[in-house]
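Inside the fold
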Amino acid sequence: MNRDPCRFCRLFAIAVPAFASLMGAWTSLQAALDLDAAQKSHLLWGTLARATAPAASGSALLLAFVVWAHPLAPGLLSADLPRTTRRAAAVALPGYLLSVGVSLLAGALLVSAVRGGAGHFTLPLRELAVGAGFAALDGALILALAWRFLPRLSRSRLSLPGTLSLVVAVTVPLRVTVALVAASVLSP
């Protein structure tokens, strides 16, 4: 395969809105159908910024790494990995901000369709700051995992679905555990 210096960034740019819209709609649908939460729609917007958007941008980052690395020969992957991890670190925060915007838009559209109105929209800056912290933590974990394990995965010669299955099975519990520990530390 030929070298394509922008391939990782294109994969990430495609994956962020896809994950954010799906995860934002799912979170919002649960809140829209919960009669107790109907009076607390302001909590939904904070949840989307604090929890859903970091998870969506982290999942997009992880998917972009796996799909980017899959067709590369082990030598080429090892040569390009430092440059790509720097790019991933550079696009992680903008990816989180895009994820917040898409999640909020998907949430507002879904809640409006289910309830006939999106309700009162407030998003405290603290929610964005906490979400950015969670996104940074998740991104750092994914970068460390990519740096350590992508070269090994490229030598294993699994199919792309097999590689994705392995990566999801290993990283999702780890990412959730780290997020839960961080949330317990940050809770008032």
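Notes on the structure follow. Worth saying up front: this structure is predicted, and the values here are computed from it rather than measured.

Definitions and cut-offs
- Residues numbered from 1 in each chain as written.
- Predicted model: local features only at pLDDT ≥ 70, side-chain atom pairs only at ≥ 80, totals over all residues.
- Heavy atoms only, no water.
- Helix = DSSP H or I, 4+ residues; strand = E, 2+ residues; numbered from the N terminus.
- Buried < 20%, exposed > 50% of the residue type's maximum accessible area, 1.4 Å probe, protein only.
- Polar contact = N/O pair within 3.5 Å; in protein donor to acceptor, adjacent residues only side chain to side chain.
- Contact = heavy atoms within 4.5 Å.
- Core = buried A, V, L, I, M, F, W, Y, C linked by side-chain atoms within 4.5 Å.
- 1 Å grid on protein atoms, 1.4 Å probe; cavity = no way out; pocket = protein on both sides within 12 Å on 5 of 7 lines; lining within 4 Å.
- Points joined across faces, edges and corners; volume = space filled by probe spheres on them.
- Nonpolar A, V, L, I, M, F, W, Y, C, P; charged D, E, K, R; others polar.
- Phe/Tyr/Trp six-rings, centres within 6.5 Å; stacked < 30°, edge-to-face > 60°.
- Lys NZ or Arg CZ within 6 Å of the ring centre and 35° of its normal.
- Axes fitted to C-alpha atoms, helices over the stretch in contact; angles between N-to-C directions.
- Left-handed = near helix turned anticlockwise from the far one by under 90°.

Moving on to the side chain of Ser-103. Locating Ser-103 in the fold gives a position in helix α3 (residues 74-115). Residue Ser-103 is classed as buried on the basis of its relative accessible area of 0%. Within the structure, Ser-103 has its side chain in polar contact with the backbone oxygen of Ser-99 (distance 2.8 Å). Not counting chain neighbours up to four residues away, the residues in contact with Ser-103 comprise Ala-20, Gly-24, Leu-48, Thr-52 and Ala-53.

Glancing now at the nonpolar core. In terms of nonpolar packing, the biggest core is built from 22 residues, with Phe-8, Leu-61, Phe-65, Trp-68 and Leu-150 touching the most fellow members. Looking at this core, the elements that each hand over two or more residues are α1 (7-33), α2 (41-69), α3 and α4 (125-156). If one sorts the elements of this core by residue count, α2 sits on top with eight residues. If we skip the residues at most four places from it in the chain, Phe-8 touches Leu-61, Ala-64, Phe-65, Trp-68, Thr-84, Ala-88 and Val-91. Counting residues in hydrophobic clusters, the runner-up holds 12 residues, among them Leu-44, Leu-48, Val-100 and Val-111.

Our next topic: empty space enclosed by the protein. Unoccupied space between atoms shows up once a probe the size of one water molecule is rolled over them. Counted under the stated rule, the structure contains two cavities of 30 Å³ or more. Here the second largest cavity defines a volume of roughly 40 Å³. Lining the second largest cavity, in full, are Phe-12, Pro-54, Ser-57, Gly-58, Leu-61, Ala-92, Ala-135 and Gly-139. When residues of the lining of the second largest cavity are traced back to their parent elements, those giving at least two are α2 and α4. Ranked by residues supplied to the lining of the second largest cavity, first place goes to α2 with four residues. Class assignment for the residues of the lining of the second largest cavity results in five nonpolar, three polar and no charged.

Applying the stated rule across the entire model yields three aromatic pairs. When the centroid spacing of 4.9 Å and the interplanar angle of 45° are considered together, the rings of Phe-8 and Phe-65 count as tilted. Placement of Phe-8 in helix α1 and of Phe-65 in helix α2 is noted, with a sequence separation of 57 residues between them. Under the relative-accessibility criterion, Phe-8 is labelled buried at 2%. For Phe-65, a relative accessible area of 1% corresponds to the buried category. With centroids separated by 6.5 Å and ring planes inclined at 75°, the aromatic side chains of Phe-65 and Trp-68 adopt a geometry described as edge-to-face. In this pair, Phe-65 and Trp-68 are both assigned in helix α2, three residues apart and thus about one turn of the helix distant. By way of ring pairs, the aromatic residues Phe-8, Phe-12, Phe-65 and Trp-68 are connected into one cluster. In this structure, Arg-148 is placed above the aromatic ring of Phe-149, and the distance from its NZ or CZ to the ring centre is 5.6 Å.

Axis angle and axis distance: for two packed helices, these are the angle between their axes and the distance between the axes, and together they describe the pair. It is the contact of α1 with α3, at a shortest axis distance of 7 Å, that shows an interaxial angle of 35°. Here the hand of the crossing between α1 and α3 comes out right-handed. Among the residues forming the contact of α1 with α3, the class breakdown is 19 nonpolar, eight polar and two charged.

Everything listed is a geometric property; what it means functionally is a separate question.
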